[in-house]
Amino acid sequence: MCKDFLLETETSKKLYHEYAKDMFIFDYHCHLSAQEIAENKSYKNITEIWLGGDHYKWRAMRGNGIAEEFISGNKSDKEKFMKWAETVPYLIGNPLYHWTHLELKEYFNIDETLSPKTAEKIWVKCNELLQQKEFSAKSLIEKSNVKGLCTTDDPIDDLKYHLEIANDKEFNVKVLPTFRPDKAINIDKESFLEWINSLEEVVGYKIDKYSLLLKALSERVDFFHEVGCRISDHGLDTIYFKEATKKEVEEIFLKGLSGQKLTQEEVEKYMTATLIFLGKEYSKRKWTMQIHLGAIRNNSKRMFRQLGADTGFDSIGDYNFAKELSQYLDSLDDTDELPQTILYSLNPRDNYTLATMLGNFQGGGKPGKIQLGSGWWFNDQRDGMVDQMKALANLGVLSRFIGMLTDSRSFLSYTRHEYFRRIMCNLIGQWVENGEYPEDFDMLETIVKGICYENAKDYFGIEL
Ligand SMILES: [Zn+2]
């Protein structure tokens, strides 16, 4: 992987090397464990840090015919690593191929490609390095030029690890929580009653009325705010919009609490009311709301029984949500209570739908108040990123884009920002060389540095 990897024109190379490469990272959405950061975890071997929670790699291994025992099963860490090494050469065209080698190069200074031939040597070298203190969780984050990151957290979390991290004066990276109340929204899921019980324990009173649920949620938003949280996140798959009276929602909540099965209409009314309430809570506190749409999860019941959620059995759904999303955003905008919002869809078909939706609700003097989220999950690859950026450029203001995030569970994933920056600089460089934009390098510097870091830094109102 040469220094001009993915940079096809002279302008692209200049943009990347002079402006993008050394910018800080603000990873405003990820799934790192705050506990692992607080405890400054060290990793016993490359399998633990690389393959431990990475369902992208697991899917690829399954697709390559590797038996489950080497993926989620009882085989040793070394045997699992060897099976990954066996899979990598087959991943031509897959971003995992590039990420793997960017990570080997960036963190372990290894230039060789991973294959059965090199696996033993790479296993030994990586594991030796992982024993050093520069490879602990905090060191890896600092080494990656990260200024801030936002984890993803349940409203019932006590955030004690975030508080611990904030008290470590030697660690100069902001690690903030994100408020993700999916379990409060999903009244139709099995986890609902248990979650309400946990929430009762946290707030210290019985939640036997909808108004008390809203009170409890509002208190948790306040608590998160005190700890520095300024971002919420909703994993909705699809969004509904069915308005109801207060009395109706109260009855639906009680019916749900009693464990009775709700009709689809009742579920939609409950979700609508709760999401409107939360949107207003975020707006009051000047938070940003993220909405992740379009996944179809846990498709294999057999594997769900065996391994649970987030283990590589999710895919892209084909929901139609333009009208409902518009009604939801409008219901908040109507009273000027629409918070800053980032819209993501897993289905790249929705790029144009979302990119035009943004324009309906921009304003108030804030650059890019409503954002099109970066290529997410299955779109976190060259074509997916280029399509997302082109949709935004065609229909909105790409220069105000808040850029990339890792969405990752691994401390080695920061090279995904490098990957993104190369692809972004390549795209912009091509436009310049085609004569579609002048060689105005002052402005190009502003645009590139903005998308890399500055826009996100300014957008969230979080001091880094
Ligand atoms: Zn995520």
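Student: I'd like a description of the overall build of the chain, backed by residues and values.
Tutor: What the chain contains, in helices and strands, is 20 helices and 9 strands. In summary, the chain has a C-alpha radius of gyration of 23 Å against a globular reference of 23 Å for 464 residues, a match within 12%. With 464 residues in all, the chain has 55% of them scored as buried. Expressed as a percentage of contacts within the chain between residues at least 6 apart in sequence, the contacts between residues at least 24 apart total 76%. For the chain, the exposed area adds up to about 20300 Å²; of that, 47% sits on carbon and sulfur atoms. Treating the 59 positive side-chain charges of the chain as one cloud and the 74 negative ones as another, the clouds have centres 2 Å apart.

Student: Can you lay out the pairing of strand S8 (residues 340-345) for me, pointing to particular residues and giving the numbers?
Tutor: Extensive coverage of S8 is indicated by the burial of 6 of its 6 residues. Taking every second residue as pointing to the same face, both faces of S8 are buried, with Gln 340, Ile 342 and Tyr 344 on one and Thr 341, Leu 343 and Ser 345 on the other. Here 6 bridges tie strand S5 (residues 288-293) to S8, and the two strands are oriented parallel to one another. Looking at S8, one finds that His 292 is bridged to Tyr 344. Read from S8 through helix H17 (residues 351-361) to strand S9 (residues 370-372), the crossover connection turns out right-handed.

Student: Can you break down the coordination of the zinc ion residue by residue, with the values?
Tutor: Around the zinc ion, the donor atoms from the protein are His 29 (NE2), His 31 (NE2) and Asp 407 (OD), and they sit 2.1 Å away. When the donors of the zinc ion are listed by position in the chain, the intervening gaps give H-x1-H-x375-D. The class for His 29 is buried, based on a relative accessible area of 1%.

Student: Account for the pairing of strand S2 (residues 146-150), naming residues and giving values.
Tutor: Among the 5 residues in S2, 4 count as buried, and that is most of the element. Both strand S1 (residues 25-27) and S2 contribute to a ladder of 3 bridges, which runs parallel. Residue pairing for S2: Asp 27 is matched across the bridge by Leu 149. Looking at chain direction, S2 and strand S3 (residues 174-176) are connected through 3 bridges and run parallel. Counted as the bridge partner of Gly 148 is Lys 174 from S3.

Student: Give me the lowdown on the state of the cysteines, citing residues and values where you can.
Tutor: The final tally for this structure, using the stated rule, is 0 disulfides. Lacking any disulfide linkage, Cys 2 is separated from the closest cysteine sulfur, that of Cys 425, by 15 Å. Cys 2 gets classed as exposed once you look at its relative accessible area, which sits at 52%.

Student: Just give me the short version of the packing of helix H1 (residues 10-20) against helix H19 (residues 415-433), but keep the residues and values in it.
Tutor: Between two packed helices, what matters for the description is the angle formed by their axes and the separation of those axes. Remark: H1 packs on H19, axes separated minimally by 7 Å, with the N-to-C direction vectors making an angle of 135°. Judged on the interaxial angle alone, H19 and H1 are oblique. For the element pair H1 and H19, the recorded crossing hand is right-handed. The residues of H19 that touch H1, namely those facing Glu 10, Thr 11, Ser 12, Leu 15, Tyr 16 and Ala 20, are Glu 418, Arg 421, Arg 422, Cys 425, Asn 426, Ile 428, Gly 429, Gln 430, Val 432 and Glu 433.

Student: An account of the pattern of salt bridges is needed here, citing residue identities and associated values.
Tutor: As enumerated under the stated definition, the model contains 34 salt bridges in all. Notably, a salt bridge pairs Asp 77 with Lys 44, separated by 3.5 Å at the nearest N-O pair. One end of the pair, Asp 77, is in helix H5 (residues 77-87); the other, Lys 44, is in the loop between helix H2 (34-38) and helix H3 (46-50), with 33 residues separating them in the sequence. Look at Asp 77 and you get partly exposed, because its relative accessible area is 21%. Among the ionic pairs, Lys 255 bridges to Glu 266, the shortest N-O distance being 2.9 Å. Placement of Lys 255 in helix H13 (residues 246-257) and of Glu 266 in helix H14 (residues 264-284) is noted, with a sequence separation of 11 residues between them. Judged by relative accessible area, which is 21%, Lys 255 ranks as partly exposed. You can call Glu 266 buried: its relative accessible area is 19%. Members of the salt-bridge network, linked through shared partners, are Lys 3, Asp 4, Glu 10 and Lys 13.

Student: Explain the packing of helix H11 (residues 192-203) against helix H12 (residues 210-226) to me, and be specific about the residues and the numbers.
Tutor: Across the interface, H11 lies against H12 with an axial gap of 11 Å and an inter-helix angle of 60°. Our classification of the angle between H11 and H12 gives oblique. The handedness of the crossing between H11 and H12 comes out as left-handed. Contacts between H11 and H12 involve Trp 195, Ile 196, Leu 199, Val 202 and Val 203 from the first element and Leu 213, Ala 216, Leu 217, Glu 219 and Arg 220 from the second.

Student: Hey, could you go over the sheet that holds S2 for me, with residue numbers and the actual values?
Tutor: Taken in spatial order, the 3 strands line up as S1-S2-S3 in an open sheet, and their pairing is parallel. Strand pairing shows two members of the sheet lacking a second neighbour, S1 and S3, which therefore form its edges. In this sheet, neighbouring strand axes are inclined to one another by 5° on average, regardless of whether the strands run parallel or antiparallel.

Student: Could you give me a rundown of the packing of aromatic side chains, with the residues and numbers involved?
Tutor: As enumerated under the stated definition, the model contains 26 aromatic pairs in all. With a centroid separation of 6.1 Å and an interplanar angle of 85°, the aromatic rings of Phe 192 and Tyr 270 are classed as edge-to-face. Of this pair, Phe 192 sits in helix H11 while Tyr 270 sits in helix H14; the two residues are 78 residues apart in sequence, bridging distant segments of the chain. Here Phe 192 matches Tyr 270 in class, with each residue buried. Centroid distance Phe 253 to Tyr 270: 6.4 Å. Interplanar angle 10°. Geometry classified as stacked. Residue Phe 253 is found in helix H13, and its partner Tyr 270 is found in helix H14; the two are separated by 17 residues along the sequence.

Student: Describe the side chain of Ser 345, and please don't skip the residues or the numbers.
Tutor: Among the structural elements, Ser 345 can be located in strand S8. Judged by relative accessible area, which is 9%, Ser 345 ranks as buried. Engagement of the side chain of Ser 345 in a polar contact is seen with the backbone nitrogen of Asn 347, the distance being 3.1 Å. In terms of polar contacts, Ser 345 uses its side chain to reach the side chain of Asp 350, at 2.6 Å. Beyond its immediate sequence surroundings of up to four residues, Ser 345 is in contact with Leu 293, Gly 294, Phe 321, Asp 350, Leu 354, Trp 376 and Asn 379.

Each value, and the rule that gives it
Residues numbered from 1 in each chain as written. Predicted model: local features only at pLDDT ≥ 70, side-chain atom pairs only at ≥ 80, totals over all residues. Heavy atoms only, no water. Helix = DSSP H or I, 4+ residues; strand = E, 2+ residues; numbered from the N terminus. Rg over C-alpha atoms; globule rule 2.2 N^0.38 Å. Buried < 20%, exposed > 50% of the residue type's maximum accessible area, 1.4 Å probe, protein only. Contact = heavy atoms within 4.5 Å. Areas by Shrake-Rupley, 256 points an atom, 1.4 Å probe, with all protein chains shown as cover. Lys, Arg positive; Asp, Glu negative; His and termini not counted. Charge placed at Lys NZ, Arg CZ, Asp CG, Glu CD. Pairing = 2+ DSSP bridges. Right-handed = clockwise from strand over helix to strand, strands pointing away. Donors = N, O, S within 2.8 Å, 3.2 Å for Na, K, Ca; no water. Disulfide = S-S within 2.5 Å. Axes fitted to C-alpha atoms, helices over the stretch in contact; angles between N-to-C directions. Parallel < 35°, antiparallel > 145°, perpendicular 65-115°, else oblique. Left-handed = near helix turned anticlockwise from the far one by under 90°. Salt bridge = Lys/Arg side-chain N within 4 Å of Asp/Glu carboxyl O. Phe/Tyr/Trp six-rings, centres within 6.5 Å; stacked < 30°, edge-to-face > 60°. Polar contact = N/O pair within 3.5 Å; in protein donor to acceptor, adjacent residues only side chain to side chain.

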